[in-house]
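Geometric and topological summary
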Amino acid sequence: MRITEVETLKLRYVMDVPMADAVHYMPERNLLLVQVHTDEGHVGLGECAAYGGTLDSMEAVVLGDLRPTLLGEDPFTVERLWSKMAWRSHQRGHRGMLPMAISGVDIALWDIIGQATKTPLYRLLGAYRDTLDAYASAGFYAGNKGVAEVAEEFAGYAARGFRFGKMKVGRNPDVMTNPLHDMWASDYALCSLDEDVERVKAVRRAVGPGFKLAIDVNNAWTPAVTLRFMRQVDDQDIFWLEEPVPTDDVAGSAEIAHVLDVPVAGYESETGLGGFRDLIERKAVDIVQPDVIWTGGITECKKVAALAHAHRLPVIPHVFSSAVAAIANMHFIASIPNGGLLEFDQNPNPLRSELFEEPIEVGSDGRVPLPERPGLGVMLNQATVDRYRVETDPTPV
Ligand SMILES: [Mg+2]
């Protein structure tokens, strides 16, 4: 079997109300899909994380730098192709855009292998489990959302059967070194550190004591700010603390992880096996959070998971894009012994909820089963693709 073509699809959904986390303003949800074709008629599907810039720039890496390496090659040699893609462009840096671009191709290659062997991907990868617990990824900032609204939002997730959830904190202009000050729309939906304490307490009251509630800082704080904040929510039973400091402050994250008994989780914005090796070996994280569309595909994430397992650490991947990102991460999570929890974005996004012929649904028990069809086991809904497809994406927000 040979690879005959590599194509991309760019999709955009413009939100009715923009949302934000600690530092990122999100007026729209954009995604870059990759389709790899073979001479036997298979079409593998993948997605490249395209955060932090335009879809056009990420597409240029896939089609310009990676495609020539793939054409005419055997898709089953995914490990070798991964290495070729990484090394032939290694001067551009082994973190960031290159692993993001390789991720989409790698997922598509694994989809082809699953289709060709008529095997669901999670089974091909080892099938530790066939059902995942979903956690409600939510509690974003928005211009129309205050303390009462975010509490009401979480009461709704608990009522729908979710037993796990995560809310945003950190959009604090009163934190002097917050990267927020340099970001797009840095005056949108702001919140003081003290108001964030109130948001967390209000959400805890709304969901009750049994609910596992995590908080996500998206790199906004320093170790000192983090420790002060965590003292103020010490009685709120925080399930984990995500990305408290900038990703390259490995020493700062390690200091926090050493002092707190709340697990430190991260770092979605790290990429590649080497980046996660540094986080794990320097004890900067208690929970490891790669993402198959961002870290370097399924091939790289399996290695990150094995490294985490060797250090007795759980893996709870970052999952925050389209339905393709969700299904690809689901197969990965189901295949590893040290995982089982799926991040499930609760913000309105038809590129997650309407992209497949059969949408991914969370049951009333808060659980999601893996599909039993070959490969990723999904088909794109052509009407949704046609509706949200864009030819170019020149704007970086
Ligand atoms: Mg996060």
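This text follows the structure it describes.
This section reports on the structure supplied with the text. (Residues numbered from 1 in each chain as written. Predicted model: local features only at pLDDT ≥ 70, side-chain atom pairs only at ≥ 80, totals over all residues.)

A short note on the packing of helix 9 (residues 272-281) against helix 10 (residues 292-310)
Definition in use: To define axes, lines are fitted to C-alpha atoms, for helices over the stretch in contact only, and angles between the resulting N-to-C directions are given on a 0 to 180 degree scale. Where helices and strands are cited, they refer to DSSP runs of H or I of at least four residues and of E of at least two residues respectively, numbered from the N terminus. Should an angle fall under 35 degrees it is taken as roughly parallel, and over 145 as roughly antiparallel, whereas 65 to 115 is taken as roughly perpendicular and any remaining angle as oblique. With the far helix as reference, a near helix turned anticlockwise by less than a right angle produces a left-handed crossing, and one turned clockwise produces a right-handed crossing. Here, residues touch in the contact sense if the C-beta positions derived from the backbone fall within 7 Å of one another. Each residue gets one label: Ala, Val, Leu, Ile, Met, Phe, Trp, Tyr, Cys and Pro are nonpolar, Asp, Glu, Lys and Arg are charged, and the others, such as Gly, are polar.
Between helix 9 and helix 10, the shortest axis-to-axis distance is 9 Å and the interhelical angle comes to 25°. Considered as vectors, helix 9 and helix 10 are oriented roughly parallel to each other. Handedness of the crossing formed by helix 9 with helix 10: right-handed. Contact residues: Gly272, Leu273, Phe276, Arg277 and Ile280 in helix 9; Thr295, Gly296, Glu300, Lys303, Val304, Leu307 and Ala308 in helix 10. Of the residues contributing to the contact of helix 9 with helix 10, the split by class is six nonpolar, three polar and three charged.

Side note on the nonpolar core
Put simply, the rule reads: Joined through C-beta atoms within 7 Å, a set of buried Ala, Val, Leu, Ile, Met, Phe, Trp, Tyr and Cys residues constitutes a nonpolar core. Three exposure classes are used, all based on how many other C-beta atoms lie within 10 Å of a residue's own C-beta (placed from the backbone): buried at 20 or more, exposed at 12 or fewer, and partly exposed between those limits. Annotation comment: domain bounds sourced from an automatic or database domain assignment.
Cys48, Met58, Ala101, Val105, Val203 and Ala328 are the most contacted members of the largest nonpolar core, which totals 129 residues. Looking at this core element by element, the count peaks at twelve residues for helix 3 (residues 97-116). There are two domains that each give this core at least three residues, and those are domain 1 (3-119 + 382-388) and domain 2 (122-369). Excluding residues that lie within four positions of it along the chain, Met58 makes contacts with Leu32, Cys48, Ala50, Gly53, Met97, Met100 and Ala101.

Overview of the packing of helix 10 against helix 11 (residues 323-335)
Each pair of packed helices gets described by two things: the angle between the helix axes and the distance between those axes. At a minimum axis distance of 11 Å, the contact between helix 10 and helix 11 shows a crossing angle of 35°. Relative to helix 11, the crossing made by helix 10 is left-handed. Contacts between helix 10 and helix 11 involve Val292, Ile293, Ile298 and Cys301 from the first element and Ala325, Ala328, Asn329 and Phe332 from the second.

Interpretation in functional terms is not warranted from these geometric data alone.
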